[in-house]
Amino acid sequence: MKKMLAIMLLMSLMTVSCNKDGTATTTDDPTQTTIEPTTDGSGDTTDPTTDDTADVPAPIPPSTSTLPALALSFKTNVLLYNLTASQEDKYNDAVALVKKVVGTEAFRKAVLNHTYNGSKLYANNNGLTNSQIYQSILDAAEKLTPAKNNTLDVGVKFYYTNNSVVGYTNGSITYINVNTKFFNNYDINEVAGNLFHEWLHKLGYGHDSSATARRPYSVPYAIGYMIRNLGKNFL
Ligand SMILES: [Zn+2]
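Residues numbered from 1 in each chain as written. Predicted model: local features only at pLDDT ≥ 70, side-chain atom pairs only at ≥ 80, totals over all residues.

Visitor: Is there a simple way to think about the overall build of the protein chain in this case?
Guide: Check the secondary structure of the protein chain and you find ten helices and four strands. In the protein chain, the succession of α and β elements from N to C terminus is α-α-α-α-β-α-α-α-β-β-β-α-α-α. A total of 235 residues make up the protein chain; the buried ones form 24% of that total. Sequence-distant contacts, at least 24 apart, represent 58% of the contacts inside the protein chain between residues at least 6 apart. (Helix = DSSP H or I, 4+ residues; strand = E, 2+ residues; numbered from the N terminus. Buried ≥ 20, exposed ≤ 12 C-beta atoms within 10 Å, placed from the backbone. Contact = placed C-beta atoms within 7 Å.)

Visitor: Please clarify how the nonpolar core should be interpreted in this entry.
Guide: The tendency in soluble globular proteins is for nonpolar side chains to be buried as a group. Within the largest apolar cluster, 38 residues are counted, with the highest numbers of intra-cluster contacts made by A94, V98, A192, F196, I223, M226 and I227. For this core, the elements supplying multiple residues, two or more each, are α5 (85-102), α6 (105-112), α7 (130-139), β2 (151-159), β4 (175-179), α9 (188-202) and α10 (219-231). (Core = buried A, V, L, I, M, F, W, Y, C linked by C-beta atoms within 7 Å.)

Visitor: Could you clarify how one ought to interpret the pairing of β4 in this entry?
Guide: For a regular strand, side-chain orientation follows a simple rule: the groups alternate between the two sheet faces. Side chains I176 and V178 of β4 all project onto a buried face; the interleaved residues Y175, N177 and N179 project onto a face where none is buried. Bridging between β2 and β4 involves five bridges; their strand directions are parallel. When the sheet's bridge partners are listed, K157 is paired in β4 with N177. The pairing of strand β3 (residues 167-168) with β4 spans two bridges and is antiparallel. Counterpart to Y168 in the pairing with β4 is N177. Where β3 hands over to β4, the hairpin turn is made up of six residues, counted between the paired strands. (Pairing = 2+ DSSP bridges.)

Visitor: Would you take a moment to explain the packing of α6 against α7 for this structure?
Guide: Packed helix pairs are specified by the crossing angle of their axes together with the interaxial distance, meaning the distance between the axes. Closest axis-to-axis distance for the α6/α7 pair is 8 Å, and the angle between their directions is 135°. Considering the angle they form, α6 stands oblique to α7. Contacts from R108, V111 and L112 in α6 reach N130, S131, I133 and Y134 in α7. For the contact of α6 with α7, the residue count by class is four nonpolar, two polar and one charged. (Axes fitted to C-alpha atoms, helices over the stretch in contact; angles between N-to-C directions. Parallel < 35°, antiparallel > 145°, perpendicular 65-115°, else oblique. Nonpolar A, V, L, I, M, F, W, Y, C, P; charged D, E, K, R; others polar.)

Visitor: Explanation requested: the environment of S172 in the structure shown.
Guide: Looking at the element boundaries, S172 is found in the loop between β3 and β4. Note on S172: 7 C-beta atoms within 10 Å, which makes it exposed.

Written out as structure tokens, the structure is:
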């Protein structure tokens, strides 16, 4: 008991010595006689230990604290098949950028507040609300690897064709095909947007194959653009 009291007294002195307020060291002195903790009522607000902790600033929560934990823990597992070393470097930068954007409040808000024809929804939404679509992104359960592992799992194969197709995939393969015609000239955020667009197909979202008026409001197009546009802020 005596030893404990000595430790507490020492702690009290240490805390006081950390106080920036120079007067505290002298005015706190008398409280050391009332430091006996067990005999005091627990609700005693004059308890010196509570006085000391009141001077410690409360930790400021990070600005992303309203985000679901799954947004901050979102992971990527991207298998690069036939890229050169420099292509890999560039593509990995895009993958890292996707992870950064998904971990932002701005991305959450953009996905949740998307509107199509004046309503908060997406075209080609598979019958899901914006909130359910956001959750499906965080769950990241690809149709071919349906575990909810909070991880963007996809492979990437490069090809070259001199046409207007940036990339493509289909429901029976775990990878996406990326046209180097566009990749070579794309900024990192544009590569990230394309990766996310193609990956959203892996989650089962589709869009019109022709350039219809509603196609930009489909899940792959609309959210791919969000990744691209928000990603620009990180470059
Ligand atoms: Zn597509």
